Amino acid sequence: DRWLAYASAGDLVATLLVWLVLFLVGFAFMLWPSSTDLGDAFRIAGSSLVTLGVAVPRGNVSTVVVYFAALTGLTVVALQIAYLPVLYAAYNRRETLVTMLEGLAGTPGWGPEVLVRSASVDNLDGLGTMYDRWMQWAADVSESHSAYPVLMYFRSPNARRSWVISLLSILDAAAMHLALCPVSVPAPARNLMRVGYLAFRQLAA
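The model shown is predicted, which means the values in this text are computed figures rather than measured ones.

Caption draft 1: Fine view of the overall build of the protein. A tally of helices and strands in the protein yields seven helices and zero strands. Walking the protein from its N terminus toward its C terminus, one meets helices and strands in the order α-α-α-α-α-α-α. For the protein, the C-alpha atoms occupy an extent of roughly 80 × 30 × 25 Å along the three principal directions. Within the protein, the fraction of its 205 residues that count as buried is 35%. Across the protein, contacts joining residues at least 24 apart in sequence account for 64% of those joining residues at least 6 apart. Here the protein has roughly 11,800 Å² of accessible surface; of this, 67% comes from carbon and sulfur atoms. Distance between charge centres in the protein, computed from 13 positive and 13 negative side chains, equals 3 Å.

And the structure:
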């Protein structure tokens, strides 16, 4: 689990490196005809891509290619930097509710524990609000993790917590609540079951 925790960060770094290497190879082949050899083309492309400017191109066409390479390098790095806050915001929204669940369902989460602890403090009426919040959470996670699949590799800070197990425990609690108290169960429990199921199905697709 400790090694897998680095998979998400490694994927982001690897994505940036792959993009840069592919652009480097592409621009090097574009500069090859106007360079002394392929090594010189790679040197000019690399210098331009990282905007160092240590290598000088030959000819007007090469100069245009170099400008495009410099613009591409800046754009790729800027997009990657802008990508990180979006990922962190989605990750933070996901983990906030998972952390709150620890007090209700234990660690790792367990559906019956949610019902038992709520009943022990006479808070079964408050489960409706919790079901509603988790329904919104499931919809948000489904949307954000479908748009940014790398988020599925970001694990919780605590190795014993998991957003998948947390959602499963809430769905389990809602299902048991519907089975045991079909008349008095809060209405959001049924909505949560549907939205949570769709979230799992969409993320597994």
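Still more ground to cover, so stick around.
Caption draft 2: Here's a closer look at a nonpolar patch on the surface. A grouping of Val 18, Trp 19, Leu 22 and Phe 23 is seen on the molecular surface, where their side chains present a nonpolar patch of about 380 Å² in accessible area. For Trp 19, a relative accessible area of 37% corresponds to the partly exposed category.

Caption draft 3: Local environment of the nonpolar core. Counting 26 residues, the largest nonpolar core has Val 114, Met 130, Tyr 131, Trp 134, Trp 137, Ile 170 and Leu 192 as its most contacted members. For this core, the elements supplying multiple residues, two or more each, are α3 (60-105), α4 (111-120), α5 (127-147), α6 (163-180) and α7 (188-204). Counting residues per element, this core draws most heavily on α5, which supplies eight residues. Residues in contact with Trp 134, not counting those within four places in the same chain, are Leu 97, Val 98, Leu 101, Ser 166, Leu 167, Ile 170 and Leu 192. Within the second largest apolar cluster, 11 residues are counted, among which are Phe 27, Ala 28, Leu 31 and Ala 55.

Caption draft 4: The arrangement of the packing of aromatic side chains in detail. Scanning the entire structure with this criterion turns up six aromatic pairs. When the ring of Tyr 91 is compared with that of Phe 154, the centres are 5.9 Å apart and the planes differ by 55 degrees; the resulting orientation is tilted. Of the two residues, Tyr 91 sits in helix α3 while Phe 154 sits in the loop between α5 and α6, which places them 63 residues apart along the sequence. Neither Tyr 91 nor Phe 154 differs from the other in exposure class; each is buried. Between the aromatic rings of Trp 134 and Trp 137, the centroid separation amounts to 4.6 Å while the plane-to-plane angle is 55 degrees, which identifies the pairing as tilted. With Trp 134 and Trp 137 both in helix α5, this residue pair falls three residues apart, about one helical turn. With respect to class, Trp 134 is no different from Trp 137; both count as buried. An aromatic cluster is built from Phe 29, Trp 32 and Phe 42, whose rings are joined through pairwise contacts.

Caption draft 5: Geometry of the packing of α6 against α7. Across the interface, α6 lies against α7 with an axial gap of 9 Å and an inter-helix angle of 145 degrees. Once α6 is placed against α7, the crossing between them reads as left-handed. In contact with Trp 163, Val 164, Leu 167, Leu 168, Ile 170, Leu 171, Ala 174, Ala 175 and Leu 178 of α6, α7 contributes Ala 189, Arg 190, Leu 192, Met 193, Gly 196, Tyr 197, Phe 200 and Leu 203.

Caption draft 6: Looking closely at the side chain of Ser 142. On the secondary structure map, Ser 142 appears in helix α5. With residues up to four places along the chain from it excluded, the contact list for Ser 142 reads Ala 199, Gln 202 and Leu 203.

Caption draft 7: How the structure looks around the packing of α5 against α7. Here α5 crosses α7 at 20 degrees, and the two axes come no closer than 9 Å. Between α5 and α7, the angle falls in the class roughly parallel. Seen from above, α5 lies across α7 with left-handed handedness. For the pair α5 and α7, the contacting residues are Gly 128, Tyr 131, Asp 132, Trp 134, Met 135, Ala 138, Ala 139, Val 141, Ser 142, His 145 and Ser 146 in the first and Pro 188, Ala 189, Asn 191, Leu 192, Val 195, Gly 196, Ala 199, Gln 202 and Leu 203 in the second. Here the residues of the contact of α5 with α7 are counted per class, giving 12 nonpolar, seven polar and one charged.

Rules and cut-offs
- Residues numbered from 1 in each chain as written.
- Predicted model: local features only at pLDDT ≥ 70, side-chain atom pairs only at ≥ 80, totals over all residues.
- Heavy atoms only, no water.
- Helix = DSSP H or I, 4+ residues; strand = E, 2+ residues; numbered from the N terminus.
- Buried < 20%, exposed > 50% of the residue type's maximum accessible area, 1.4 Å probe, protein only.
- Contact = heavy atoms within 4.5 Å.
- Areas by Shrake-Rupley, 256 points an atom, 1.4 Å probe, with all protein chains shown as cover.
- Lys, Arg positive; Asp, Glu negative; His and termini not counted.
- Charge placed at Lys NZ, Arg CZ, Asp CG, Glu CD.
- Patch = residues over 30% accessible without salt bridge, like charges linked within 9 Å, V, L, I, M, F, W, Y side chains within 5 Å.
- Salt bridge = Lys/Arg side-chain N within 4 Å of Asp/Glu carboxyl O.
- Core = buried A, V, L, I, M, F, W, Y, C linked by side-chain atoms within 4.5 Å.
- Phe/Tyr/Trp six-rings, centres within 6.5 Å; stacked < 30°, edge-to-face > 60°.
- Axes fitted to C-alpha atoms, helices over the stretch in contact; angles between N-to-C directions.
- Left-handed = near helix turned anticlockwise from the far one by under 90°.
- Parallel < 35°, antiparallel > 145°, perpendicular 65-115°, else oblique.
- Nonpolar A, V, L, I, M, F, W, Y, C, P; charged D, E, K, R; others polar.

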